[in-house]
Amino acid sequence: MRGRSSARFRDFSPEQQKNIAAVVWLYRGQQDRFLKLVAHYLAEAVTLGAKAQKPLETYAEVQRKLSDLMEPFAKAERSIDLLAGQWNGLTTAQAMAMADIKAFGKEVAAQADAWAKGGRNKVPGAMPR
């Protein structure tokens, strides 16, 4: 079997094929084609970022409800309280996650707004959406 290659080693995803083609475009001096691909990726990132917000908000709400249900048990007085440190760590992590979700939403909105106001028009050959 020596010297034989399998098709598995030559399989690339469509995105990988585009990226390989982009390297060739740059080598050939076809910067406009490369920039068009980059513009496509940026537009896709803005779209996917916006789509991610609702699931993140749903996650945050479910986690808040779960925390509310657990809080009486976690804060109950015990002679040896092994949960206090873990509870404080959990609530601190939850607060950070909620702040990050809000910050992500604001950043996605800002980037979508910037893209809609002409970010894509600054890329030669970019296709408007």
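Chemist: Give me the lowdown on the packing of helix α1 (residues 14–27) against helix α2 (residues 31–75), citing residues and values where you can.
Modeler: It is at 8 Å that the axes of α1 and α2 come closest, and there the two elements cross at 150°. The angle between α1 and α2 places the two elements in the roughly antiparallel class. The interaxial crossing formed by α1 with α2 has left-handed handedness. Here E15, K18, N19, A22, W25 and L26 of α1 come into contact with α2, specifically with Q31, R33, F34, L37, H40 and Y41.

Chemist: Describe in detail α1, supporting the description with residues and values.
Modeler: Its 14 residues place the ends of α1 20 Å apart at the C-alpha level, agreeing with the 20 Å of an ideal helix rising 1.5 Å per residue. Within two residues after α1, G29 carries a phi angle of roughly 80°, on the positive side.

Chemist: Account for the side chain of Q53, naming residues and giving values.
Modeler: When you line up the elements, Q53 lands in helix α2. Of the residues examined, Q53 reaches a relative accessible area of 14% and is grouped as buried. Looking at Q53, its side chain comes within polar contact range of the main-chain nitrogen of G105, at 3.3 Å.

Chemist: With reference to specific residues and values, describe the environment of W25.
Modeler: Along the polypeptide, W25 turns up in helix α1. Overall, W25 belongs to the buried group, its relative accessible area being 15%. With residues near it in sequence (within four places) discarded, W25 still touches Q30, R33, F34 and L37.

About the thresholds
Residues numbered from 1 in each chain as written. Predicted model: local features only at pLDDT ≥ 70, side-chain atom pairs only at ≥ 80, totals over all residues. Heavy atoms only, no water. Axes fitted to C-alpha atoms, helices over the stretch in contact; angles between N-to-C directions. Helix = DSSP H or I, 4+ residues; strand = E, 2+ residues; numbered from the N terminus. Parallel < 35°, antiparallel > 145°, perpendicular 65-115°, else oblique. Left-handed = near helix turned anticlockwise from the far one by under 90°. Contact = heavy atoms within 4.5 Å. Expected span 1.5 Å × (residues − 1). Buried < 20%, exposed > 50% of the residue type's maximum accessible area, 1.4 Å probe, protein only. Polar contact = N/O pair within 3.5 Å; in protein donor to acceptor, adjacent residues only side chain to side chain.

None of this, on its own, says anything about what the molecule does.
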